[in-house]
Amino acid sequence: RREDGRNMRYYRWMKAGRRSALLVTGCLLTGIWLTGCGSGSGSAFPPSQSLIYVDDEGTLYTSLVEAYDPADTSYDVQELSQMAKQEAESYTGVTLSDCTMEDGMARVIYQYTDGDALVQFTSGTQDEANQVDSITAMTVMEGLAARTDQDGVWTDARKGQEVDREKIMRQNKLHMVAIDGEATIQTEGAIRYYSGEVNLTDTNVAEVKGQAYLIYR
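A. Main features of the overall build of the protein. In terms of regular secondary structure, the protein is built from 6 helices and 11 strands. Counting the 217 residues in the protein, one finds 48% classified as buried. Sequence separation of 24 or more characterises 63% of the internal contacts of the protein that already satisfy a separation of 6 or more. Carbon and sulfur atoms make up 45% of the accessible area of the protein, which amounts to about 11,000 Å² in all.

Given below as structure tokens:
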């Protein structure tokens, strides 16, 4: 059917990593920045933009979010969900977590058993918004112990100042995610410290390039 082909094209367009002008304009016109557009009000799930999400348990997700015309009835959430589910089922360690089309915003959320599953899936399905070479979630003690570059610079996200590695290691209940690649990362807890090329766009959201580390709680 024509609708089937249109939904497939729309799904592929979501995965192309484009940032819809309508999404940005919608944030501006309402005067209210959605979480993921820079609200600073906490880490909402599911995310409101295409990115990689990591929760406090270290579980990894990717989101594909795009605006659509709600007046166009040819878009069908059931067909979109079926396409996304079939694609997830063709890979090991990937499940479809959520698929919605509401109020002009389409959202597809995948969940992964580990970073390898995420890397293989986003690469294999050409998810340009969320492709990284590697990503690993762990405790901060595991992460700092595994780092070979002991002289790496750490920055306190709240103060914008360098911080000693030993000070970080003295703190409990911190989580770390290590990334190699270019992506937008959202954490469940607020980002406390980071290392590498990191641009914080919210208390829980960072744009990273190359090898980067985010510590959050």
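There's plenty left to go through after this.
B. Local environment of the packing of aromatic side chains. If you walk through the whole model with that rule in mind, you get 8 aromatic pairs. Look at Phe-45 and Tyr-53: their rings are 4.7 Å apart centre to centre, the planes differ by 50 degrees, and that puts the pair in the tilted class. Judged by relative accessible area, which is 4%, Tyr-53 ranks as buried. Feature note: the residues Tyr-91, Tyr-110, Tyr-112 and Phe-121 constitute an aromatic cluster, connected by ring pairs.

C. Inspection of helix α3 (residues 77-89) at higher detail. An ideal rise of 1.5 Å per residue puts 18 Å on 13 residues; α3 measures up with 18 Å between its terminal C-alpha atoms. Considered for burial, the residues of α3 that qualify are Glu-79, Leu-80, Met-83, Ala-84, Glu-87 and Ala-88. The N-cap of α3, judged by a side-chain oxygen 2.7 Å from the amide nitrogen of Gln-78 a few residues on, is Asp-76.

D. Geometry of helix α4 (residues 115-124). Gly-115, Ala-117, Leu-118, Val-119, Phe-121 and Thr-122 are the residues of α4 that are buried. The elements touched by buried residues of α4 are β1 (51-54), β2 (60-67), α3, β3 (94-102), β4 (105-112) and β5 (132-139). The backbone nitrogen of Asp-116 lies 3.2 Å from a side-chain oxygen of the residue at the head of α4, namely Asp-114. One or two residues past the end of α4 sits Gln-126, with phi positive at roughly 60 degrees.

E. Geometry of the side chain of Asp-72. Within the secondary structure, Asp-72 sits in the loop between β2 and α3. The exposure class of Asp-72 is buried, given its relative accessible area of 19%. A polar side-chain atom of Asp-72 sits 2.6 Å from a polar atom in the side chain of Ser-74.

F. Representation of the side chain of Thr-100 within the structure. Looking at where Thr-100 falls in the secondary structure, it is placed in strand β3. Its relative accessible area of 17% is what places Thr-100 among the buried residues. Among residues more than four places away in sequence, those in contact with Thr-100 are Val-77, Met-105, Ala-106 and Arg-107.

G. Representation of unusual backbone geometry within the structure. Look at the link from Phe-45 to Pro-46: it is a cis peptide, with omega at 5 degrees. Tracing the sequence through the fold places Pro-46 in the loop between α2 (21-30) and β1. One non-glycine residue with positive phi stands out, namely Lys-173, at about 60 degrees. Along the chain, Lys-173 turns up in the loop between α6 (165-169) and β8 (175-181). Judged by its relative accessible area of 64%, Lys-173 is exposed.

The rules behind these values
Residues numbered from 1 in each chain as written. Predicted model: local features only at pLDDT ≥ 70, side-chain atom pairs only at ≥ 80, totals over all residues. Heavy atoms only, no water. Helix = DSSP H or I, 4+ residues; strand = E, 2+ residues; numbered from the N terminus. Buried < 20%, exposed > 50% of the residue type's maximum accessible area, 1.4 Å probe, protein only. Contact = heavy atoms within 4.5 Å. Areas by Shrake-Rupley, 256 points an atom, 1.4 Å probe, with all protein chains shown as cover. Phe/Tyr/Trp six-rings, centres within 6.5 Å; stacked < 30°, edge-to-face > 60°. Expected span 1.5 Å × (residues − 1). Polar contact = N/O pair within 3.5 Å; in protein donor to acceptor, adjacent residues only side chain to side chain.

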